[in-house]
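# Reading the structure
In case you want the letters, here they are:
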Amino acid sequence: MTDIPVLTIDGPSGSGKGTIAQLIAREFGWHYLDSGAIYRVLAQAAMKHQLDLADEDALSRLAEQLDVRFAFDNADLKVMLEGEDVSLRIRSEEAGNAASKVAAIPAVRSALLQRQRDFRKMPGLVTDGRDMGTVVFPDAPFKVFLTASAEERAQRRYKQLKQKGIESNLSDLIAEISERDRRDSEREVAPLRPAEGALILDSTELGIDAVFEHVCAFCADL
Ligand code: C5P
């Protein structure tokens, strides 16, 4: 047990939890953990070393030894795998899907548990993922579950890709997001669900500013 405060923000992909978590971390002057990036990097490392994404023993050994580092480059989170900047590569839909496959392996999750808990340092930590409030930081004093409809999340993703000059198909994005939701919610270990006592926010009709205000007010109330 520790007195270092933690705000956990869990939710499905595309709910805006990463954006909100980074804004709040900056506002509070707290550390930030993007737990999804760890699973994304693990899947990248597996592909780099030509491991089969279904080989549980090899993947859990890789998770134990994973050489991943995070650094802030101005406001941007930089993610390094074995010294190589993989920040952009890990953000593709393909990388997200591969991450959700390796993340369903129980031995992988336990190999990464302490690594995530080590981010809890003074003056506090804001973290986003799927099981931050339920498994990794069950004693966190502030827990939020941020969601939005699959259609709205796919729309946001579509716009993001378009801004980057990447054309995509909205109905394919809805199908991919729904499939990833299903895999993350139905897996046996650490499934996606709201932690007990979490503030549940549906951002389908809410902008970033409104979500930010709700989360700040929630933390101030406790
Ligand atoms: O949040 P993000 O989309 O980057 O996560 C990628 C994948 O990693 C998720 O679809 C999920 O399967 C997995 N993940 C997880 N537990 C977390 C964070 C992410 O299982 N705490």
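Sequence positions are assigned chain by chain, starting from 1 and proceeding in written order. Only residues with pLDDT of at least 70 are given local features in this predicted model, and only at 80 or more are side-chain atom pairs given and counted; all residues enter the totals for whole chains, interfaces and linings. Side-chain descriptors were evaluated using all non-hydrogen atoms of the structure, hydrogens and water having been removed beforehand.

## Describing the packing of helix α2 (residues 35-48) against helix α3 (residues 56-65)
It is the contact of α2 with α3, at a shortest axis distance of 10 Å, that shows an interaxial angle of 120°. Viewed along their axes, α2 and α3 form a crossing whose handedness is right-handed. Contact residues: α2 offers Leu42, Ala45 and Ala46, while α3 offers Leu59, Leu62 and Ala63. Among the residues forming the contact of α2 with α3, the class breakdown is six nonpolar, no polar and no charged. Structural elements are reduced to axes, namely lines fitted to C-alpha atoms, with helices fitted over the stretch in contact, and the angle between N-to-C directions of any two is expressed from 0 to 180 degrees. For the purposes of this entry, the term helix denotes a DSSP run of H or I that reaches at least four residues, the term strand denotes a run of E that reaches at least two, and both are numbered from the N terminus. What makes a crossing left-handed is the near helix being turned counterclockwise from the far one by less than a right angle; a clockwise turn instead makes it right-handed. Two residues form a contact once any of their heavy atoms are found within 4.5 Å. Classification used: nonpolar for Ala, Val, Leu, Ile, Met, Phe, Trp, Tyr, Cys and Pro, charged for Asp, Glu, Lys and Arg, polar for all others including Gly.

## Digging into the site of the ligand
Among the 16 residues in the neighbourhood of the ligand, the closest are listed as Arg40, Arg109, Asp131, Arg180 and Asp184. Here Arg180 contributes a side-chain N or O atom positioned 2.8 Å from an oxygen atom of the ligand. Here the ligand, which alone exposes 450 Å², has 97% of that area covered by the protein. Secondary-structure elements contributing two or more residues to the shell around the ligand are α2, α4 (93-102) and α8 (170-186). In terms of residues, the shell around the ligand owes the most to one element, α2, which gives four residues. When grouped by side-chain class, the residues that make up the shell around the ligand number four nonpolar, four polar and eight charged. Whether a residue is near a molecule or strand depends on its heavy atoms: if one lies within 4 Å, it is near. For the purposes of these results, a polar contact is taken to be a pair of N or O atoms within 3.5 Å, where, inside protein, one atom must be able to donate a hydrogen and its partner to accept one; residues adjacent in sequence count only when each atom of the pair is a side-chain atom. In this description, accessible areas are obtained by the Shrake-Rupley approach with a 1.4 Å probe, and a residue is regarded as covered only by the protein chains that are shown.

## Some details on the sheet that holds strand β4 (residues 76-81)
Strand order in the open sheet formed by three strands is β3-β4-β5, with antiparallel pairing between adjacent strands. Pairing within the sheet leaves two strands with one partner each, and these edge strands are β3 (68-73) and β5 (84-85). Pairing geometry for β3 and β4, over six bridges, is antiparallel. Within β4, the position partnered with Arg69 by the bridge is Met80. Paired strands are those between which DSSP finds at least two bridges.

## Notes on the layout of surface pockets
Space inside the second largest pocket adds up to approximately 190 Å³. Forming the boundary of the second largest pocket are His31, Tyr32, Leu33, Asp34, Phe70, Ala71, Phe72, Leu77, Asp118, Phe119 and Lys121. Among the secondary structure elements, those contributing two or more residues to the lining of the second largest pocket are β2 (31-34) and β3. In terms of residues, the lining of the second largest pocket owes the most to one element, β2, which gives four residues. Throughout, the protein atoms alone are placed on a 1 Å grid, and a set of points is a cavity if a 1.4 Å probe fits but cannot get out or a pocket if it is open with protein on both sides within 12 Å along at least five of seven lines; lining residues have an atom within 4 Å of a point. Grid points are joined across faces, edges and corners, and a volume is the space filled by probe spheres set on the points.

## Some thoughts on the packing of α2 against helix α5 (residues 106-117)
One way to put it is that α2 packs onto α5 with a least axis distance of 11 Å and a crossing angle of 130°. When the interaxial angle is binned, α2 and α5 end up oblique. Like other packed secondary-structure pairs, α2 and α5 cross with a definite hand, here right-handed. Contacts between α2 and α5 involve Ser35, Ile38, Tyr39 and Leu42 from the first element and Val108, Arg109, Leu112 and Gln116 from the second. The class makeup of the residues in the contact of α2 with α5 is five nonpolar, two polar and one charged. Any angle that falls under 35 degrees is termed roughly parallel, while one over 145 is termed roughly antiparallel, one within 65 to 115 roughly perpendicular, and all others oblique.

## Points about the nonpolar core
By size, the foremost hydrophobic cluster in this structure holds 51 residues, and its most contacted members are Leu7 and Val215. Sort the elements by how many residues they give to this core and α2 lands first, with eight residues. Excluding residues that lie within four positions of it along the chain, Val215 makes contacts with Leu7, Ile20, Ile24, Val144 and Leu201. Residues Ala150, Ala154, Leu161 and Leu173 belong to the second largest nonpolar core, which totals five residues. Only buried residues count toward a nonpolar core, which is a set of Ala, Val, Leu, Ile, Met, Phe, Trp, Tyr and Cys residues joined through side-chain atoms within 4.5 Å. Burial classes follow relative accessibility: with a 1.4 Å probe on protein chains only, a residue under 20% of its type's maximum area counts as buried, one over 50% as exposed, and anything between as partly exposed.

## Re the pattern of salt bridges
Whenever a carboxyl oxygen of Asp or Glu lies within 4 Å of a side-chain nitrogen of Lys or Arg, that contact is scored as a salt bridge. Under the definition given, this model contains 15 salt bridges. Its salt-bridge partner being Glu82, residue Lys48 comes within 2.7 Å of it at the nearest N-O pair. With Lys48 in helix α2 and Glu82 in the loop between β4 and β5, this pair connects stretches of sequence that are 34 residues apart. Assessed through its relative accessible area of 41%, Lys48 is described here as partly exposed. For Glu82, a relative accessible area of 32% translates into the label partly exposed. Residue Arg183 is joined to Glu179 by a salt bridge in which the shortest nitrogen-to-oxygen separation is 3.7 Å. Taken together, the residues Arg183 and Glu179, both in helix α8 and four residues apart, mark about one turn of the helix. Under the relative-accessibility criterion, Glu179 is labelled partly exposed at 31%. Among the charged side chains, a salt-bridge network with shared partners connects Lys48, Glu82, Glu84 and Arg89.

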